[in-house]
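Chain residues, written in single-letter form:
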Amino acid sequence: ALKLGRPTLSSEVGIIICDIANPASLDEMAKQATVVLNCVGPYRFYGEPVIKACIENGASCIDISGEPQFLELMQLKYHEKAADKGVYIIGSSGFDSIPADLGVIYTRNKMNGTLTAVESFLTIHSGPEGLSIHDGTWKSAIYGFGDQSNLRKLRNASNLKPVPLVGPKLKRRWPISYCRELKGYSIPFMGSDVSVVRRTQRYLYENLEESPVQYAAYVTVGGITSVIKLMFAGLFFLFFVRFGIGRQLLIKFPWFFSFGYFSKQGPTQKQIDAASFTLTFFGQGYSQGTGADKNKPNIKICTQVKGPEAGYVATPIAMVQAALTLLSDASHLPKAGGVFTPGAAFSKTKLIDRLNKHGIEFSVISSSEV
């Protein structure tokens, strides 16, 4: 109320108090809702009770989880139950992974032909006071990496058929590679974007018969000094995350083990105001009338998604606009309810237009035949 200069806001908006540890209170909350926006994390501990309460009480749910195992488990466990109730459970609806997932769909829609492969490069911009990320994100990464073996088991148990490759297989870059177009070094992006985009592409192929797009995600890290710093932080992280006591140390001392990138305090308001992100997509494919059987890709495209600070500004914009799209554009959602990625749920809606109007901007940088 103070920030918006609206002193009467607290009397305009109803407040419902519920407790993650009290299922009855979650049920009471969900009964009063059409859509629940869930920000409670880490999701592997606190996300499922909210989703369960929403499904049982006929409310849809938008959440901002960035943990692949949680997201994939929820789809396996609750998709049919949500479909039976006609509700939509849509994960990764914040910075992870709306810019990436809808960015690939935007790139495909803007290409004058068939898009077959995309690489994305995330660049985080900061002001003079630098960057700081809240340790909630750090914890999610720790639990995600610590559970890689269970994620592999989950995927093996699902017995999904491979999605066909269209065009040549997208080659993985080295763990540290130089991007000529962006004039800087990059490393693989360790968030949920790749998992989410691949699940979206599977859905679009299997349900809408759309040509699947291969995808790889990277984050730019600047010059060689940043590369060395991140190498040490990465080695520390990958070593300690393998053991229970190591994970406890990583959680207890985020600032030390992340070389100052993560802290229990999170960013200051000045840091938030000065920060922004750019997500650049480099796509390739085939012009109309050109087959992918024996030919090399003959068309390229570069697009971008730009926005304000990722965690505290862009994420709320993304999830609120996703929720409003769910309410106002229901005829363009998947016909039945279920558990979906953002791209699977919103590929036919006006969500990208909404985001453009609210500060997360999608644009074509260049498109050219090779």
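Below, the structure is looked at part by part. All figures in this text were calculated on a predicted structure; none of them were measured in a lab.

1. Points about the layout of surface pockets
Argument step 1. Space inside the second largest pocket adds up to approximately 540 Å³.
Argument step 2. Lining the second largest pocket we find 19 residues, and of these Glu 119, Glu 181, Phe 282, Gln 284 and Lys 300 sit closest to its centre.
Argument step 3. Counting only elements with at least two residues in the lining of the second largest pocket, the list comes to strand 4 (113–125), strand 6 (177–179), strand 10 (276–287), strand 11 (299–308) and strand 13 (361–369).

2. Some words on the sheet that holds strand 3 (residues 88–90)
Argument step 1. Strand order in the open sheet formed by four strands is 1-2-3-12, and the pairing between neighbours is parallel. The sheet is open, and its two edges are formed by strand 1 (35–38) and strand 12 (338–340), each paired on a single side. Strand-to-strand twist across the sheet, computed as the mean angle between neighbouring axes with direction ignored, equals 15 degrees.
Argument step 2. With two bridges joining them, strand 2 (residues 60–63) and strand 3 adopt parallel strand pairing. Within strand 3, the residue paired with Cys 61 across the bridge is Ile 89.
Argument step 3. Sheet contacts for helix 4 (residues 68–85): strand 2, strand 3 and strand 12; angle to strand 12, the most-contacted strand, approximately 150 degrees.

3. Structural notes on a nonpolar patch on the surface
Argument step 1. Residues Phe 239, Phe 243, Ile 245, Leu 249, Phe 253, Trp 255 and Phe 256 make up a contiguous nonpolar surface patch of about 770 Å² in total accessible area.
Argument step 2. Secondary-structure elements contributing two or more residues to the nonpolar patch are helix 10 (244–252) and helix 11 (254–257).
Argument step 3. In this structure, Leu 249 sits in helix 10.
Argument step 4. Assessed through its relative accessible area of 32%, Leu 249 is described here as partly exposed.

4. Things to note about the environment of Pro 308
Argument step 1. Mapped onto the fold, Pro 308 is located in strand 11.
Argument step 2. Owing to a relative accessible area of 22%, Pro 308 belongs among the partly exposed residues under this scheme.
Argument step 3. Distance from Pro 308 to Glu 361, taken between C-alpha atoms, is 9.8 Å for residues 53 residues apart in sequence.
Argument step 4. Not counting chain neighbours up to four residues away, the residues in contact with Pro 308 comprise Ala 275, Ser 276, Phe 277, Val 313, Ala 314, Ile 317, Gly 359 and Ile 360.

5. Some words on the nonpolar core
Argument step 1. Formed by 48 residues in total, the largest nonpolar core has its most connected members in Ile 62 and Ile 360.
Argument step 2. Considering every element that reaches this core, the biggest residue donor is helix 13 (residues 310–328), with eight residues.
Argument step 3. If near-sequence neighbours (up to four positions away) are discounted, Ile 360 is found in contact with Phe 277, Val 305, Lys 306, Gly 307, Pro 308, Ala 314, Ile 317, Ala 318 and Leu 355.

6. A few points about the pattern of salt bridges
Argument step 1. Inspection of the entire model under this criterion finds six salt bridges.
Argument step 2. Glu 210 is the salt-bridge partner of Arg 108, the closest N and O atoms lying 2.4 Å from each other. Here the residue Arg 108 occupies a position in helix 5 (residues 98–110), and Glu 210 occupies one in the loop between helix 8 (193–208) and strand 8 (214–222), the gap between them amounting to 102 residues. Just as Arg 108 is buried, Glu 210 falls in that class too.
Argument step 3. A salt bridge links Lys 348 to Glu 210, with the nearest nitrogen and oxygen atoms 2.6 Å apart. Residue Lys 348 is found in the loop between helix 14 (342–346) and helix 15 (351–357), and its partner Glu 210 is found in the loop between helix 8 and strand 8; the two are separated by 138 residues along the sequence.
Argument step 4. The exposure class of Lys 348 is partly exposed, given its relative accessible area of 43%.
Argument step 5. Classification of Glu 210 as buried rests on a relative accessible area of 16%.

Conventions adopted
Each chain carries its own residue numbering, running from 1 in the direction its sequence is written. The model is predicted, so local features are restricted to residues of pLDDT at least 70 and side-chain atom pairs to those at 80 or more, both for listing and for counting; the totals for chains, interfaces and linings are taken over all residues. Think of the side-chain values as coming from all heavy atoms in the structure, minus any hydrogens and water. Points on a 1 Å grid, built from protein atoms alone, make a cavity when a 1.4 Å probe fits but cannot get out and make a pocket when they are open with protein on both sides within 12 Å along at least 5 of 7 lines; residues with an atom within 4 Å of a point are the lining residues. Grid points are joined across faces, edges and corners, and a volume is the space filled by probe spheres set on the points. For the purposes of this entry, the term helix denotes a DSSP run of H or I that reaches at least four residues, the term strand denotes a run of E that reaches at least two, and both are numbered from the N terminus. A strand pair is defined by DSSP finding two or more bridges across the two strands. Axis lines are fitted to C-alpha atoms, over the contacting stretch for helices. Their N-to-C directions set the angle, which ranges from 0 to 180 degrees. We call two residues in contact when some of their heavy atoms are within 4.5 Å. Residues form patches when they are more than 30% accessible in relative terms and have no salt bridge. Like charges link within 9 Å. Nonpolar side chains (Val, Leu, Ile, Met, Phe, Trp, Tyr) link within 5 Å. Reported accessibility uses the Shrake-Rupley method at a 1.4 Å probe radius. Residues are deemed covered only where the shown protein chains occlude them. Every case where a carboxyl oxygen of Asp or Glu lies within 4 Å of a side-chain nitrogen of Lys or Arg is listed as a salt bridge. For the exposure calls, accessible area comes from a 1.4 Å probe over protein chains only, and a residue counts as buried if that area is under 20% of its type's maximum, exposed if over 50%, partly exposed in between. Here, the term nonpolar core denotes a set of buried Ala, Val, Leu, Ile, Met, Phe, Trp, Tyr and Cys residues that are joined through side-chain atoms within 4.5 Å.

That is the geometry; function is a separate question.
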